[in-house]
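Residue strings, one per chain:
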Amino acid sequence: MSRQPGVPGRHARAGFRAARADDSTAVPQGLLKAARKSGQLNLSGRNLSEVPHCVWRINVDVPQEANQNLSFSAADRWWEQTDLTKLILSNNKLQTLSEDLRFLPALTVLDIHDNQLTSLPSSIEELENLQKLNVSHNKLKTLPGEVTNLRNLKGLYLQHNELTCLPEGFEKLFSLEDLDLSDNRLTTVPGSFSSLPRLMQLNLSSNQLKSLPAEISRMKKLKHLDCNSNLLETVPPELAGMESLELLYLRRNKLRFLPEFLSCRLLKELHVGENQIEVLGAEHLKHLSSILVLDLRGNKLKSVPDEISLLQSLERLDLSNNDISSLPCSLGNLHLKFLALEGNPLRTIRREIINKGTQEVLKYLRSKIQDAGPTHSDSAQETTAMTLPSESRVGAHAIATLKSLDYSDKQATLIPDEVFDAVKNNTIISVNFSKNQLCEVPKRNNFFDSLPEDMKLLIKLQLINLSFNRFKVIPEVLYDIPTLEIILIGNNQIGSLDPQKLMTMENLLTLDLQNNDLLHIPPELGNCVHLRTLFLDGNPFRVPRAAILKKGTAAVLEYLRSRIPS
């Protein structure tokens, strides 16, 4: 095909308008040409004060090259262009966006962060395919209500603006999974947020919130809630019922009390540092069975309850800058990797021991447990339960109140019958026999290498900790316990995995296989999509490499799936 330059062709150019020549200086034609093929255009960091007209009309107007050369190869058929799906305009000097934004209805990603925008055009509602909208680091004071019509939006990033309120109708964003409103001037959170059924991450940090709506507890899929640096004096007790919550940040507020986390069994990190909390009791701790990080720094705590020893998964504990004068010896039974104590008026531990680090402090506390031994008053008390250290050696508190049976760190080869007799008719949900020399499950860890078949009768078992034993494979009986959510079997001798059987454990959320003998990770393990936390560090396998492991569970599972033979 050959035509005179400047003469429009009826067939190829039908429905298109000639592009304006003055746009070419702002956006190179080569960049526009590439965008028509790829569907992606990156104009970040170009010092733009306005978006060139040709960008909005990239899929509407006839490109300039059509007027200059009408002999096209198969690769240059501009009329067969790809609709623009990704537009990046970040790090410019934009103050407004044109209503011509409506000419890009195929956009799935619009990134305009780090500009000087004070408003958004109402035509944004016509981007019905938009999945990610990043308007962070601008000067927005309000959002147009039309934003709430973006029904396919999954990620909305509005941090570092000047928002004082949000438009009504947020509940219409039913596809939203990630919402960042941090560093604004919000004083309230709409109760309608509770109607966002798929929201998994909500960042409200660095605002002026004095309270949270009780309705927030209805977010059944919320995993990450960040309310750092606000003015919160309390949190609604309903927060304790958020079963899916894994990370909770409440630092730098005005909290004086904590809720009881009754249903937060998946909570892995709780950050409540730099508040005004005066009391930490057993009721705040007893349900945190999965907690890995507990940040209590910069509060007004005078003591730590002995029930801290229930947090057997805890790895990091920050107690710095409180008013704590002594520590419970039971703290020594935890497997902490990090313990911060500076800034406390501690009198029971010498400074030289604290300066030697976490492991020396824990070792010292364990030695005090052994030095104490049973006293006369201990033996005189009625044997009703194996104690937590806060009671006498045998007390009813752990069983009756905490539903916990603890006989750990005794170097025992068997569990005395009186320990089990003490349970009587009480319901037990947690048993801790770690740091002993048991060679079998008591018949009525240690060196276990197998588990009895009768364990499958534990039809409500949700967590099992088999760390530091001698298992060579995951015990078969565990596959017959469908309620299991957490299996901790690190520091054993596990040499192989059966991904097909693990896939049948649909409720399994956490699998800790650290420090075993795994030379090979089967790619089919990637099909265990129900896993939220998978620990594989400390094994001798070569792939996945450490860089993949550092990216987290989702990245590891995706990598493994990519290696499944097709």
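Draft legend 1. Highlighting the overall build of the chain. Within the chain one finds 12 helices and 21 strands. Residue burial in the chain is summarised as follows: out of 566 residues, 50% are buried. Of the roughly 26,900 Å² that the chain leaves accessible, carbon and sulfur atoms contribute 47%.

Draft legend 2. A look at the pattern of salt bridges. Per the stated rule, a full pass over the model turns up 11 salt bridges. Residue Arg 297 pairs with Asp 295 through a salt bridge whose shortest N-O separation is 3.1 Å. Across the pair Lys 501 and Glu 476 runs a salt bridge whose closest N-O atoms are separated by 2.8 Å. Within this pair, whereas Lys 501 is found in helix H10 (residues 499–503), its partner Glu 476 is found in the loop between strand E18 (463–465) and strand E19 (486–488), the two being separated by 25 residues in sequence. For Lys 501, a relative accessible area of 30% puts it in the partly exposed group.

Draft legend 3. Expanded view of the packing of aromatic side chains. Scanning all chains against the criterion turns up 1 aromatic pair. A ring pair is formed by Phe 170 and Phe 193, whose centres lie 5.4 Å apart and whose planes are at 40°; its orientation type is tilted. Pair noted here: Phe 170 is in the loop between strand E7 (155–157) and strand E8 (178–180) and Phe 193 is in the loop between E8 and strand E9 (201–203), with a separation of 23 residues, a long-range link. Residue Phe 170 is classed as buried on the basis of its relative accessible area of 0%. For Phe 193, a relative accessible area of 2% corresponds to the buried category. The ring of Phe 103 has Arg 57 lying over it, and the distance from NZ or CZ to the ring centre is 4.9 Å. Above the plane of the ring of Phe 103 lies Arg 102, whose end atom (NZ or CZ) is 4.7 Å from the centre.

Draft legend 4. The sheet that holds E19, seen in detail. Read from one edge of the open sheet, 4 strands run E18-E19-E20-E21, paired in parallel fashion. Across the chains shown, the open sheet's two edge strands, defined by having one partner strand only, are E18 and strand E21 (533–535). Within the sheet, the average angular offset between the axes of one strand and its neighbour, ignoring direction, is 5°. Note that strand E20 (residues 510–512) and E21 share 3 bridges and pair parallel. What sits directly across from Leu 511, in E21, is Leu 534.

Draft legend 5. A look at the confidence of the model for the chain. In this model, the chain carries an average pLDDT of 83, and 80% of its residues clear a pLDDT of 70 or more. A low-confidence stretch, residues 1–24 (pLDDT under 50), is modelled with 46 contacts involving residues beyond four sequence positions or located in other chains.

Draft legend 6. View of the environment of Glu 269. Mapping Glu 269 onto the fold places it in strand E12 (residues 269–271). In sequence terms Glu 269 and Leu 245 are 24 residues apart; their C-alpha atoms lie 9.4 Å from each other. Excluding residues within four positions of it along the chain, Glu 269 makes contact with Glu 246, Leu 247, Leu 248, Tyr 249, Ile 291 and Val 293. Within polar-contact distance, the side chain of Glu 269 engages the side chain of Tyr 249 at 3.3 Å. A polar atom in the side chain of Glu 269 sits 2.9 Å from the side chain of His 271.

Draft legend 7. Quick look at the nonpolar core. One finds Leu 87, Leu 120, Leu 156, Phe 193, Leu 202 and Leu 327 to be the most contacted residues of the largest nonpolar core, which totals 99 residues. Of all the secondary-structure elements, those providing two or more residues to this core are helix H1 (29–38), helix H2 (53–56), helix H5 (351–355) and helix H6 (358–372). Among the nonpolar cores identified, the runner-up in size contains 34 residues, and Ile 481, Leu 518, Leu 536 and Val 556 belong to it.

Draft legend 8. Spotlight on the environment of Leu 296. Its location among the elements puts Leu 296 in the loop between strand E13 (293–295) and strand E14 (316–318). For the pair Leu 296 and Ile 277, spaced 19 residues apart in the sequence, the C-alpha separation amounts to 8.6 Å. In this view, Leu 296 contacts Val 272, Gly 273, Leu 280, Leu 301, Leu 317, Asp 318, Leu 319 and Asn 322; residues no more than four positions away in its chain are not counted.

Draft legend 9. A look at the layout of surface pockets. Approximately 760 Å³ is the volume attributed to the second largest pocket. Forming the boundary of the second largest pocket are 26 residues, of which Lys 223, Glu 246, Arg 532, Thr 533 and Thr 553 lie nearest the centre. No other element matches helix H12 (residues 553–562), which puts 5 residues into the lining of the second largest pocket. Its residues assigned to classes, the lining of the second largest pocket shows 10 nonpolar, 5 polar and 11 charged.

Draft legend 10. Quick look at H12. Within H12, the full set of buried residues consists of Thr 553, Val 556, Leu 557 and Leu 560. Take H12 and look down its axis: the buried residues cluster within an arc of 95°, on one side only. For H12, the exposed residues lying more than 90 degrees away from the buried face are Ala 554, Glu 558 and Ser 562.

Draft legend 11. Structural detail: H1. Among the residues making up H1, those that are buried are Leu 32, Ala 35 and Arg 36. The buried residues of H1 occupy one face: seen down the axis, they fall within an arc of 100°. At the exit of H1 stands Gly 39, carrying a positive phi of roughly 80°.

Draft legend 12. Region of interest: the side chain of Thr 148. Within the secondary structure layout, Thr 148 lies in the loop between strand E6 (132–134) and E7. Only 2.7 Å separates the side chain of Thr 148 from the backbone oxygen of Gly 145, close enough to count as a polar contact. The contacts of Thr 148, once residues within four sequence positions are left out, are Pro 167, Glu 168, Gly 169, Phe 170, Lys 172 and Leu 173.

The rules behind each value
- Counting restarts for each chain, with residues numbered from 1 along the sequence as it is written.
- Selection of residues for local features in this predicted model requires a pLDDT of at least 70, selection of side-chain atom pairs for listing and counting requires 80 or more, and totals for whole chains, interfaces and linings are taken over all residues.
- For the side-chain quantities, the full set of heavy atoms in the structure was used; hydrogens and water were omitted.
- A run of H or I in DSSP becomes a helix once it reaches four residues, and a run of E becomes a strand once it reaches two; helices and strands are each numbered from the N terminus.
- We call a residue buried when its accessible area falls under 20% of the maximum for its residue type, exposed when it is over 50%, and partly exposed in between, using a 1.4 Å probe and counting protein chains only.
- In short, Shrake-Rupley with a 1.4 Å probe defines the accessible areas, and a residue's cover is counted only from the protein chains shown.
- Counted as salt bridges are all cases of a side-chain nitrogen of Lys or Arg within 4 Å of a carboxyl oxygen of Asp or Glu.
- Stacked, tilted and edge-to-face pairs are distinguished by plane angle, under 30 degrees for stacked and over 60 for edge-to-face with tilted covering the rest, among Phe, Tyr and Trp rings (Trp via its six-membered ring) whose centres lie within 6.5 Å.
- We call a charge positioned above a ring when the Lys NZ or Arg CZ atom is no farther than 6 Å from the ring centre and deviates by at most 35 degrees from the ring normal.
- Strands are labelled as partners when DSSP assigns at least two bridges between them.
- Fitting a line to C-alpha atoms yields each axis, with helices limited to the stretch in contact; the angle taken between N-to-C directions then spans 0 to 180 degrees.
- The predictor's confidence in any single residue is recorded as pLDDT, a number from 0 to 100.
- The contact rule is simple, with two residues in contact once any of their heavy atoms fall within 4.5 Å.
- What qualifies as a polar contact is a pair of N or O atoms within 3.5 Å, subject to a donor-acceptor requirement within protein and to the restriction that residues adjacent in sequence count only when both atoms come from side chains.
- Throughout this description, the term nonpolar core refers to a set of buried Ala, Val, Leu, Ile, Met, Phe, Trp, Tyr and Cys residues connected via side-chain atoms within 4.5 Å.
- A 1.4 Å probe that fits but cannot get out identifies a cavity on a 1 Å grid over protein atoms alone, an open set with protein on both sides within 12 Å along at least five of seven lines counts as a pocket, and a residue lines either if it has an atom within 4 Å of a point.
- Grid points are joined across faces, edges and corners, and a volume is the space filled by probe spheres set on the points.
- Each residue is assigned to one of three groups, with Ala, Val, Leu, Ile, Met, Phe, Trp, Tyr, Cys and Pro labelled nonpolar, Asp, Glu, Lys and Arg labelled charged, and all others, Gly among them, labelled polar.
- Working note: the arc is built from the helix axis to C-beta atom directions.

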